[in-house]
Amino acid sequence: MTPRPRKPSDDKHAKSTRSSKGARKAAAKAPAKGGGATAGPEARPEAGAEGASRAVTAPDAVPPPVTESPVSASDRDRLLSGTHHDPHGVLGAHPVPGGIAFRALRPYAKAVAVVAEDLRAELRDDGDGFFSAVLPLRAVPDGYRLHVTYEDTELEIHDAYSFLPSLGEFDLHLIGEGRHEQLWTALGARPMIHQGATGTRFTVWAPNARGVRVVGGFNFWDGTGFPMRSLGGTGVWELFAPSVGEGELYKFEITRPDGSKTLRADPLARRTEAPPANSSVVHESHHEWHDQEWLARRTIAPAHEAPFSVYEVHLASWRPGLTYRQLAEQLPAYVADLGFTHVELMPVAEHPFGGSWGYQVTGFYAPTARLGTPDDFKFLVDALHRAGIGVLMDWVPAHFPRDDWALAEFDGRPLYEYEDPARAAHPDWGTLEFDYGRKEVRNFLVANASYWCEEFHIDGLRVDAVASMLYLDYSREEGEWTPNAHGGRENLDAVAFLQEMNATVYRRCPGVVTVAEESTAWDGVTRATHHQGPGGFGGLGFGLKWNMGWMHDSLDYVSKEPVHRKYHHNEMTFSMVYAYSENYVLPISHDEVVHGKRSLVSKMPGDWWQQRANLRAYLGFMWAHPGKQLLFMGQEFAQGAEWSETHGPDWWLLDPAYGAEPDHRGVRDLVRELNTVYRREGALWQRDTDPGGFAWVDGDAAEDNVFAFLRYPAEDGDGTPLLAVSHFSPVVRHAYRLGVPDGFGAWQEVLNTDEARFGGGGVISPDPLKPDPVPSHGRPVSLRLTLPPLATVWLRPV
């Protein structure tokens, strides 16, 4: 990077309207900070004006005669006020009668000269930072540069206004159509070599702006000399800034329709400052991936037909203080040891409030800078993949916050949000809802989904708050919403967006899965988009859906005292009424362990032993139930306290010096065993979405608090079923008879949550059990089991 003089004391984020004359002069004196090979020669300071002249003038060169070519008063006013749509049409080099007119806007410069291979010509100082001259040349010199003299600094740079647009016509066409599936390659800040010069292309969509300028550390946040041009009717503004390189901070200074100005972070920024600072950062990735084997393997089977157990992680608090790279040293080993197939990470996209789940996003294309750079985050994903662990991330296309430096009224009018304030305002979270009917907004979000999967090799997106997107009357009273064109309550624009997003992601990113957090009974969440349902809609196209009904019902049941559970027996069986209506995930998620809801073990009734026994039995029931599994961090070792972002999980509970450590370690050992057996037994996951993969043995034993069912493997497998029996009473039941399929000589326990190594009482059946020729539960043979108290037992034929 090029050395530059000391920065003024002004806040670097101040707007360009700052009044400090000294600070503005100091800003102007700074040589451009660059990246790549141009940094040195383009900005070398010299001893003085005379030395500079000798450095850049060819020995035989004679300065040509010049005439004036000042910028017109109208253009001058518009450029100085930041409202010019076509600065490149005024500034730079242009053929005119008598030669080539050169015009430059270099605020606070003392002199500007045009320099080429055999040319050096001083431009006339027209005042207010404008310099101009007409040189008697037949053509614009190739690769000419500007030699700029400030009070005590000189620099030589390419003229930013000598370049053709750096964004192609095809890109603009796709943006205009709302069909640019790799939008991040066209908009934002992109380091590049353009017409032989190294610099950064800045592009932003701001169709309502009267003018846009780039401000940043490279111009000390004064954008006067960096106006952008409007590219036709697309609403896109562009500027290629030579010598600006990686690591530079920047924002867009937008002149609103009313003439006022606003300083905005880049909506397509791929890197940001660490909050509470909020500038965008010029970024170029240098990460080299080593997960090719993983990416090839993940396409073998779709998620709903594969083992899929998820460890949900709040990254910033899993081990507080760790960076992405430090997490890469610990998280993959921990998750692999417990046998989970995937992690679900939150919060990933940049957001203002660190003590949150990260669902109010301000940087949709940037991993949060709190834990490192985008390449550091790629390093973590790469490490997880090399450990055989898939990576899901929480993705939030439902709404965005109102911060005045982010998306809200981005260019002075509603742009990303609905124009109607009543429709734009999210009734629950004080945020704004995206306008899914606007093609550019839909493109912004659809491309964002692909971006995380393509650029960061994310294996799945868990889409937050889908229900709030689907319904026009979500959390709204009568009279507070307007029906759709058919008189219904469905948000047709949101439906079309979700269908397009899912179809695009699945087409572009083989092996990726999308997961909906959808809390209603919307028909066809996981149905293909081209298959129309009874409601007249095509499916939304998700791969999986969180089963919120199962979560609420089952937690309500286990939170009851055993003596009362018989009155709530149907809460555990009702899920099988609709279990195959969607492809489900069973989530014990972050939402269930905060804000007074208590941790999972603390929801359980009874003394400490009974609480842990209930938890173990519940986990055994959950892992055997049709559907995939998700467990929030800390619950795998029976943490008693609610989650807190300030200290994360209570890892001290696993310290051998702590007296109750075996109790917590036992639960964690059970989770490891659940995942181990689960992955080994195809019956537990191969037919999660097939009714033929499940059969009740006894779903009506309410008085006994017993649930017994069979899981069957794929039809082309060995046909070996698995019997799961969950007993939610604190007593031992001897000789408990359950009907089983005929044709198997003996059954063996493969998991018992009451084993002593898990912290249980050790009521187990270590020897194979032979079925009796006694009909029971509609089957010709049956087993007589000893059911441990508050326990789940899995058995399979020997």
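Keep in mind that this is a model prediction, so the values were computed, not measured.

(A) Representation of the overall build of the protein within the structure. Counting secondary structure elements, the protein contains 18 helices and 35 strands. Each of the three principal axes of the protein carries a C-alpha extent, and together these read 115 × 65 × 45 Å. Going through the 798 residues of the protein one by one, you find that 61% of them count as buried. Contacts in the protein between residues at least 24 apart in sequence constitute 72% of all its contacts with a sequence separation of at least 6. Total accessible area computed for the protein in this model is approximately 29,700 Å², and 51% of it derives from carbon and sulfur atoms. Each charge class in the protein can be summarised by its mean position, and for the 77 positive and 106 negative side chains these summaries are 3 Å apart.

(B) Main features of the environment of R297. Along the chain, the position of R297 falls in helix α6 (residues 292-297). In this structure the C-alpha to C-alpha distance between R297 and W623, which are 326 residues apart in sequence, comes to 24 Å.

(C) Representation of unusual backbone geometry in the model. In this model, P275 is joined to P276 through a cis peptide bond whose omega is 10°. On the secondary structure map, P276 appears in the loop between β15 (261-264) and β16 (280-281). Between M346 and P347 the backbone carries a cis peptide bond, its omega angle lying at -15°. Relative to the assigned elements, P347 resides in the loop between β18 (342-346) and β19 (349-350). Backbone geometry places H777, a non-glycine residue, at a positive phi of 55°. Relative to the assigned elements, H777 resides in the loop between β33 (747-752) and β34 (781-787).

(D) Highlighting the sheet that holds strand β27 (residues 584-588). With parallel pairing, the eight strands of this closed barrel are ordered in space as β17-β18-β21-β24-β25-β26-β27-β28. Ignoring strand direction, the axes of neighbouring strands in this sheet form an average angle of 25°. Sheet analysis places strand β25 (residues 513-516) next to strand β26 (residues 544-546), joined by two bridges and oriented parallel. Each bridged residue has a counterpart across the sheet, and for V515 the counterpart in β26 is L544. Running at roughly 155° to strand β21 (residues 390-395), helix α11 (residues 439-455) makes contact with β21 and β24 (460-463) of the sheet. Helix-sheet contacts for helix α13 (residues 492-508) involve β21, β24 and β25, and the interaxial angle to β25 is about 155°.

(E) Up close: the sheet that holds strand β30 (residues 706-711). The strand order across the open sheet formed by five strands is β29-β30-β31-β35-β33, and the pairing between neighbours is antiparallel. Each edge of the open sheet is held by one strand with a lone partner, namely β29 (694-701) and β33. Averaged over all neighbouring strand pairs, the angle between strand axes comes to 20°, with direction disregarded. Here β30 runs beside strand β31 (residues 722-727); their pairing, made up of six bridges, is antiparallel.

(F) How the structure looks around the environment of R103. Tracing the backbone shows R103 in strand β2 (residues 99-105). Note: C-alpha distance between R103 and D126 (23 residues apart in sequence) is 9.8 Å. Excluding residues that lie within four positions of it along the chain, R103 makes contacts with S69, P70, V71, V90, L91, G92, H94, F131, S132 and D159. Polar contacts involving the side chain of R103 include one to the main-chain carbonyl oxygen of V90, which spans 2.9 Å.

(G) Spotlight on the packing of helix α5 (residues 169-177) against α11. Where α5 contacts α11, the two axes come as close as 7 Å, and the packing angle between them is 110°. The angle between α5 and α11 falls in the class roughly perpendicular. Seen from α5, the contacting residues are L174, I175, G176 and E177; seen from α11, they are K439, E440 and N443. Looking at the contact of α5 with α11 residue by residue, the class counts come to two nonpolar, two polar and three charged.

(H) Structural detail: the side chain of H194. Assignment of secondary structure puts H194 in strand β9 (residues 188-194). For H194, a relative accessible area of 11% puts it in the buried group. Of the polar contacts made by the side chain of H194, one reaches the side chain of Q195; its length is 3.4 Å. Look past the residues within four positions of H194 in its chain and what remains in contact with it is F163, L164, P165, S166 and F240.

(I) Fine view of the packing of helix α17 (residues 608-624) against helix α18 (residues 661-680). Running from amino to carboxyl end, α17 crosses α18 at an angle of 10°, the nearest separation of the two axes being 11 Å. For the element pair α17 / α18, the angle class is roughly parallel. Side by side, α17 and α18 meet where W608, R612, L615, R616, L619, G620 and W623 of the first sit next to D663, H664, V667, L670, V671, L674, N675 and Y678 of the second. When the residues that make up the contact of α17 with α18 are grouped by side-chain class, the tally is nine nonpolar, three polar and three charged.

(J) Fine view of the pairing of strand β11 (residues 211-216). The buried fraction of β11 is high, at six of six residues. With burial as the criterion, each face of β11 is covered, one bearing G211, R213 and V215 and the other bearing V212, V214 and G216.

Thresholds applied
- Residue indices follow the written sequence of each chain, beginning from 1 at its first position.
- Totals for whole chains, interfaces and linings use every residue, but because this is a predicted model, local features are given only for residues with pLDDT of at least 70 and side-chain atom pairs only at 80 or more, for both listing and counting.
- Computation of side-chain values: all heavy atoms of the structure, hydrogens and water removed.
- We count a stretch as a helix when DSSP gives it H or I for four or more residues in a row; a strand needs E for two or more, and each element gets its number in order from the N terminus.
- Relative accessibility under 20% of the residue-type maximum defines a buried residue, over 50% an exposed one, and the middle range a partly exposed one, all with a 1.4 Å probe and only protein chains included.
- A contact between two residues is defined here by any heavy atoms of the two lying within 4.5 Å.
- For the area figures, the Shrake-Rupley method with a 1.4 Å probe applies, and any residue is considered shielded solely by the protein chains shown.
- Charge counting follows a simple rule: Lys and Arg are positive, Asp and Glu are negative, and His as well as the terminal groups are ignored.
- By convention, the charge on Lys lies at NZ, on Arg at CZ, on Asp at CG and on Glu at CD.
- Pairing between two strands is assigned when DSSP locates at least 2 bridges connecting them.
- Note on method: axes are straight lines fitted to C-alpha atoms, helices fitted across the in-contact stretch only, with angles between N-to-C directions ranging 0 to 180 degrees.
- For this analysis, a polar contact is any N or O atom pair within 3.5 Å, provided that within protein one partner can donate a hydrogen and the other can accept it, and provided that sequence-adjacent residues contribute only side-chain to side-chain pairs.
- Here the angle decides the label: under 35 degrees means roughly parallel, over 145 means roughly antiparallel, 65 to 115 means roughly perpendicular, and every other value means oblique.
- Ten residue types, Ala, Val, Leu, Ile, Met, Phe, Trp, Tyr, Cys and Pro, are classed as nonpolar, four, Asp, Glu, Lys and Arg, as charged, and the remainder, Gly among them, as polar.

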